[in-house]
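Residues per chain are reported as follows:
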Amino acid sequence: MSAGTVKSLSRGLEVLLAMAADKGPATATALADRLGRNRVQVARTLNSLEAAEVAVRDEHTLAYDLSWHLYSSATRTVRARLLREGPQFLREAAEATGASAFLAELRGDGSVAFLEEVPSGLSWVGRSYPLYCDDAGQALLWDSGREELEMVFADTEFVAFGPAAPADVAEFEARLIAARQRGYAVVDGESEPGVFAVAAPVRDFSGETVCALHTQGPSERLAPLAERHGGVIKGLADRLSALLGWRP
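Below you will find a few notes about this structure. Sequence positions are assigned chain by chain, starting from 1 and proceeding in written order. Residues qualify for local features only when their pLDDT is at least 70, as the model is predicted, and side-chain atom pairs are given and counted only at 80 or more; totals for whole chains, interfaces and linings, by contrast, use all residues. Derived side-chain values reflect all non-hydrogen atoms in the structure, with water molecules and hydrogen atoms excluded from consideration.

## A few points about the overall build of the chain
Right, so step 1: A run of H or I in DSSP becomes a helix once it reaches four residues, and a run of E becomes a strand once it reaches two; helices and strands are each numbered from the N terminus. Summing up its helical and strand segments, the chain has nine helices and eight strands in all.
Right, so step 2: Each principal axis of the C-alpha distribution contributes one length, and for the chain these read about 65 × 40 × 30 Å.
Right, so step 3: Accessibility here uses a 1.4 Å probe with only protein chains present; expressed as a share of the type maximum, an area under 20% marks a residue as buried, one over 50% as exposed, and anything in between as partly exposed. The buried share among the 248 residues of the chain stands at 41%.
Right, so step 4: Method for areas: the Shrake-Rupley scheme with a 1.4 Å probe, in which residue coverage is limited to the protein chains shown. Per element, the accessible surface of the chain, about 13000 Å² overall, is 53% carbon and sulfur.

Okay, structure coming up:
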């Protein structure tokens, strides 16, 4: 690869990273000012990025933004890395806590595990559970405010599958707020009697929660270890997030 090609790639990446950091459309002039670069040089780079279909320009404002092509590719990359790296994180979680460990994602108003480390050999992958009482529910809705929670649970009946299941959106929100303050979610006797879990959100490069890392096991054994296990799971979730490009 020639020195000129390397330099062009470097400029292109610099402009793309500037656009991604701003999270909104920007003109060539605005990007040049932000980077301290020559406007003509930045405009040429943007033209090349547009031709490569990783940037798009609004015909009216002349502002550039990242294309959905790029977002789609990035999303596939995140998923592939989760599937590749996730099993090792689950093994670490299971070894550190002595509990089953899962990576679960949001689907509608349910939570579905897509990777697991289950000592018993009984698989939970692909099964959907109600978010309001599921082990991963609070972690998957980590950044949701009351209005969004109302939308998610608009058609949900809060059935008491466990003795400690929340009765309504307000009670779920209160537990979510407490989880954020703690740094991890604690779910005890919500999905079913005697089942205990800790969970934490996993984020991608954009800061969005893409899945939750959580454990599950008997309350009698695990509840007394909630603080210790919560720190472990949060630490693992943050490490996995960093691998997906998240920076606090």
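Having seen it, we continue.
## Remarks on the pairing of strand β6 (residues 185-188)
Right, so step 1: The alternating pattern of β6 places A185 and V187 on a buried face and V186 and D188 on a face that is not buried.
Right, so step 2: Strand pairing is assigned whenever DSSP detects at least two bridges linking the two strands. Bridging between β6 and strand β7 (residues 195-203) involves four bridges; their strand directions are antiparallel. Considered in β7, the bridge of V186 is made with V198.
Right, so step 3: As consecutive antiparallel partners, β6 and β7 are separated by six residues, and within that stretch G189 has a phi angle of approximately 70 degrees, a positive value.

## Thoughts on unusual backbone geometry
A negative phi angle is the norm for most residues apart from glycine, just as the trans form is the norm for most peptide bonds.
Right, so step 1: The phi dihedral of L62 falls on the positive side, at around 65 degrees, and the residue is not glycine.
Right, so step 2: Within the secondary structure, L62 sits in the loop between β1 (55-57) and β2 (64-66).

## Focus on the state of the cysteines
Right, so step 1: Here, two cysteine sulfur atoms that lie within 2.5 Å of each other are counted as a disulfide. Under the counting rule described, the total for this entry stands at zero disulfides.
Right, so step 2: Note on C133: no disulfide assigned, nearest cysteine sulfur contributed by C211 at a separation of 20 Å.
Right, so step 3: Residue C211 is classed as buried on the basis of its relative accessible area of 0%.

## As for the side chain of D134
Right, so step 1: Structurally, D134 can be placed in the loop between β5 (128-130) and α5 (137-140).
Right, so step 2: The buried charged residue D134 lacks any salt bridge, with R127 as its nearest oppositely charged partner at 11 Å. All tallies of charge rest on Lys and Arg as positive and Asp and Glu as negative; His and the ends of each chain are not included. Salt bridge, as used here: a side-chain nitrogen of Lys or Arg that lies within 4 Å of a carboxyl oxygen of Asp or Glu.

## Examining the sheet that holds β5
Right, so step 1: Pairing in this open sheet of six strands is antiparallel, and the strands run β5-β4-β3-β8-β7-β6 from one edge to the other. If you trace the sheet from one side to the other, it starts and ends with β5 and β6, each paired once. Adjacent strand axes in the sheet meet at a mean angle of 35 degrees, parallel and antiparallel pairs treated alike.
Right, so step 2: Direction of pairing for strand β3 (residues 100-107) relative to strand β4 (residues 110-117): antiparallel, over a ladder of seven bridges. Counted as the bridge partner of F102 is E116 from β4.
Right, so step 3: Whether two residues are in contact is decided by their heavy atoms: any pair within 4.5 Å suffices. With axes taken as lines fitted to C-alpha atoms, and helix axes fitted only over the stretch in contact, angles between N-to-C directions fall between 0 and 180 degrees. Across the face of the sheet, helix α9 (residues 226-243) comes into contact with β3, β7 and β8 (209-218) while running at roughly 25 degrees to β7.

Purely geometric stuff here, so don't read any function into it on its own.
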